[in-house]
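# Structural overview for review
Chain by chain, the residues run as shown.
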Amino acid sequence: MTGEDHDAERQGRQGGVLSVLASGVLARCPRCGGGALFKNGLMLRPKCEACSLDYAFIDTGDGPAVFAILILGFVVLGAALFVEFRFGPPVWVHALLWGILTPLFAFGLLRFLKAILIALQWLHKAEEGRLAKD
């Protein structure tokens, strides 16, 4: 990549927080914002349909799952306690309500968090760590 190409690529990456959030909410390509990131829910596509960005660099690891567990635990537990103390329903209502809502919330949150982390990884050129040679 030449110096000019590298500068143009870097300026394109500096879209800021709004671009990262938009990419996460819409689950779109972090470079062009046109192509979809996922197919069949949470499966990552091999490349962007619009700009042909190869998604091989993407490695979100367990990050989205960890954040989702923490966020969902807080929200669902808080909501379950609110429902219990406010309305006092039988146990089967809790099992039915949270047994249906929790996986739905988890799917949406995982999709959003994974797309956000992918956009941040692309924006900051994050890659596997290497030891520097002296």
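The paragraphs below set out a description of the structure included in this document. (Residues numbered from 1 in each chain as written. Predicted model: local features only at pLDDT ≥ 70, side-chain atom pairs only at ≥ 80, totals over all residues. Heavy atoms only, no water.)

Next up on the list: helix H4 (residues 91–123). The terminal C-alpha atoms of H4, which comprises 33 residues, lie 46 Å apart, in line with the 48 Å expected from a rise of 1.5 Å per residue. Just beyond H4, the residue with positive phi is Lys 125, at close to 55 degrees. (Helix = DSSP H or I, 4+ residues; strand = E, 2+ residues; numbered from the N terminus. Expected span 1.5 Å × (residues − 1).)

The next subject is a nonpolar patch on the surface. Nonpolar side chains collect at one region of the surface, where Phe 67, Ile 71, Phe 74 and Val 75 lie side by side and expose about 410 Å² of accessible area between them. With respect to the helices, strands and loops of the structure, Phe 67 is situated in helix H3 (residues 63–87). For Phe 67, a relative accessible area of 43% corresponds to the partly exposed category. (Patch = residues over 30% accessible without salt bridge, like charges linked within 9 Å, V, L, I, M, F, W, Y side chains within 5 Å. Areas by Shrake-Rupley, 256 points an atom, 1.4 Å probe, with all protein chains shown as cover. Salt bridge = Lys/Arg side-chain N within 4 Å of Asp/Glu carboxyl O. Buried < 20%, exposed > 50% of the residue type's maximum accessible area, 1.4 Å probe, protein only.)

We now examine the nonpolar core. Counting residues in each nonpolar core, the largest one holds eleven residues, listed as Ala 27, Cys 29, Leu 37, Phe 38, Cys 48, Leu 53, Tyr 55, Ile 58, Ala 115, Ile 118 and Trp 122. Once residues lying within four places of it in the same chain are set aside, the contact partners of Cys 29 are Ser 23, Gly 35, Leu 37, Cys 48, Cys 51, Leu 53 and Tyr 55. Counting residues in hydrophobic clusters, the runner-up holds nine residues, among them Ala 68, Val 83, Trp 98 and Leu 113. (Core = buried A, V, L, I, M, F, W, Y, C linked by side-chain atoms within 4.5 Å. Contact = heavy atoms within 4.5 Å.)

With that settled, the discussion passes to unusual backbone geometry. For Asn 40, which is not a glycine, the phi torsion comes out positive at approximately 55 degrees. Along the chain, Asn 40 turns up in the loop between strand S1 (38–39) and strand S2 (43–44). For Asn 40, a relative accessible area of 69% gives the class exposed.

Turning to H3, a few remarks are in order. In this model, H3 (25 residues) spans 35 Å end to end at C-alpha, consistent with the 36 Å of a helix rising 1.5 Å per residue. Regarding H3, the residues found buried are Pro 64, Ala 68, Leu 72, Val 76, Ala 80 and Val 83. Where H3 terminates, the next one or two residues include Gly 88, which has phi positive at roughly 60 degrees.

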